[in-house]
Amino acid sequence: MRGGIMHVLVTGGAGYIGSHTVVALQEAGHDVLVYDNFCNSSRIVLDRIEQITGRIVDFIEGDIRDRQKMDALFAEHDIDAVIHFAGLKAVAESVEKPYEYYDNNVGGTLSLLDAMRTAGCTNIIFSSSATVYGNPAKLPITEDFPKGAPANPYGRTKSMIEDILIDIQAADPAYNVVLLRYFNPIGAHESGLIGEAPQGRPNNLMPYITQVAVGALPELGVFGDDYDTPDGTGVRDYIHVVDLARGHVAALQAVEDGCGLGIYNLGTGNGTSVLELIDAFEAATGQKVPYTIQPRRPGDVDALYADCSKAQAELGWTAVCDIERMCADAWRWQQANPHGYEA
Ligand code: NAD
Ligand code: WQD
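Participant: Please clarify how the site of ligand 2 should be interpreted in this entry.
Facilitator: Taken together, 19 residues lie near ligand 2, and Tyr 154, Gly 221, Arg 236, Arg 297 and Asp 300 sit nearest. Asn 204 is positioned with one of its side-chain polar atoms (N or O) 3.0 Å from an oxygen atom of ligand 2. For ligand 2, an oxygen atom lies 2.6 Å from a polar atom in the side chain of Arg 236. The fraction of the free accessible surface of ligand 2 (680 Å²) that becomes covered by protein chains is 88%. Broken down by element, the shell around ligand 2 gets its largest block of residues, four residues, from strand 8 (residues 220–223). When its residues are assigned to classes, the shell around ligand 2 shows nine nonpolar, seven polar and three charged.

Participant: Even after reading the chapter, I still don't get the sheet that holds strand 5 (residues 123–129), so can you show me in this structure?
Facilitator: Here we have seven strands laid out as an open sheet, ordered 3-2-1-4-5-6-11, and parallel in their pairing. Both outer strands of the open sheet, strand 3 (58–61) and strand 11 (261–266), are each paired with one neighbouring strand and no more. Here the average twist between neighbouring strands, direction ignored, is 20°. Direction of pairing for strand 1 (residues 7–11) relative to strand 4 (residues 81–84): parallel, over a ladder of four bridges. Of the residues in strand 4, the one forming a bridge with Leu 9 is Val 82. Packing against the sheet, helix 1 (residues 16–27) makes contact with strand 1, strand 2 (31–36), strand 4 and strand 6 (176–182), and its axis sits at approximately 165° to strand 2.

Participant: Would you explain the side chain of Gln 211 in this entry?
Facilitator: Mapping Gln 211 onto the fold places it in helix 7 (residues 205–213). Not counting the four nearest positions on each side in its chain, Gln 211 is found in contact with Pro 198, Pro 202, Ala 216, Leu 217 and Gln 334.

Participant: Even after reading the chapter, I still don't get the nonpolar core, so can you show me in this structure?
Facilitator: Nonpolar side chains tend toward joint burial in soluble globular proteins. If you look at the biggest cluster of nonpolar residues, it comprises 43 residues, and the most contacted ones within it are Leu 25, Ile 125, Leu 180 and Leu 266. Once residues lying within four places of it in the same chain are set aside, the contact partners of Leu 25 are Val 8, Val 10, His 30, Val 32, Ile 83, Val 249 and Leu 252.

Definitions and limits used
- Residues numbered from 1 in each chain as written.
- Chains lettered and ligands numbered in written order.
- Predicted model: local features only at pLDDT ≥ 70, side-chain atom pairs only at ≥ 80, totals over all residues.
- Heavy atoms only, no water.
- Near = heavy atom within 4 Å.
- Polar contact = N/O pair within 3.5 Å; in protein donor to acceptor, adjacent residues only side chain to side chain.
- Areas by Shrake-Rupley, 256 points an atom, 1.4 Å probe, with all protein chains shown as cover.
- Helix = DSSP H or I, 4+ residues; strand = E, 2+ residues; numbered from the N terminus.
- Nonpolar A, V, L, I, M, F, W, Y, C, P; charged D, E, K, R; others polar.
- Pairing = 2+ DSSP bridges.
- Axes fitted to C-alpha atoms, helices over the stretch in contact; angles between N-to-C directions.
- Contact = heavy atoms within 4.5 Å.
- Core = buried A, V, L, I, M, F, W, Y, C linked by side-chain atoms within 4.5 Å.
- Buried < 20%, exposed > 50% of the residue type's maximum accessible area, 1.4 Å probe, protein only.

Pasting the structure below:
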């Protein structure tokens, strides 16, 4: 580390949130090394990041479960901190392939942590999720809410990894561990050069909306209109991915300051229903989004939104982009890249 500039290993740095975070880190002056096996991302993203920041992106292709490669990486690079995005994230797939999720997410994290321990690297920021709260008893959600029962293996991997990291930090106070519980990241970099590029039919709402708007899919299915919410559709706390990325730069500062254990919600604090998001998208882009009401999706909850005052007070971070901006940026990305990176 030199003068606040950190050398950061970003696992999963070619992915949706990772790529935006690499941009934010480089723009803040940090040196970044991306480690990714590209199982859910494209190499093209690295060129796009270079176009945005004007800086080369150092990267190593590899799997976090490959201990030899991880050991070699830490032997050859002086890493101050790890931002750990790498993992599988598709909820329905995790129900069908639980072994793959526990192996990749939990096993992969244990492999990474062991390599870090061998190298004496004790700083880690982990991509957790609002899913660890399960179905919360009240709203908005603060970090001191008890963790709930996640509805699927994916969510359980996130909760387990949190517990592992909390135990490791408790056993050795030299560790600085920041758990960032993301709410619903959407949107894209304002350049339209990087964004969310799901493989196959999207699982999440915003990429589904943009693919309907661009004509790749005929219509959106709204999963349930009988929830206990003002218009009956599910309410979530959507956060612009660039705001989320800035949250990681703020967390890195906390790590540098020797924060010990820090757990933070990253959201906006605002709840938006499915129908409100469709309206906002249509207003921001002028595109119609045809939809039909369909049955509820198993495992979905009525409403989830964050209280983000802890991140504001302790990290000096707050989300600034509103829902219209999220929609406009998601649409700019989708229009410029109708088939994702591999067009
Ligand atoms: P993503 O799939 O776009 O990015 C994950 C990246 O990790 C991909 O580039 C993938 O190729 C890589 N990867 C996966 N397994 C790997 C392995 N074993 N070794 C090396 N690289 C591997 O997903 P994302 O949306 O950017 O999410 C990043 C992280 O944030 C994930 O851990 C996810 O669980 C978490 N998260 C995401 C959301 C969301 O809604 N997108 C919400 C909460 C938490
Ligand atoms: C949002 C709302 C749906 C698609 C998921 C994961 C969570 C976290 C973020 C990683 C809900 C509705 C959706 C569609 C719809 N990921 N919907 N039609 O479920 O809040 O969170 O991503 O950690 O763990 O579960 O996000 O975008 O899938 O759904 O009506 O085609 O949109 O029912 O109310 P979710 P989502």
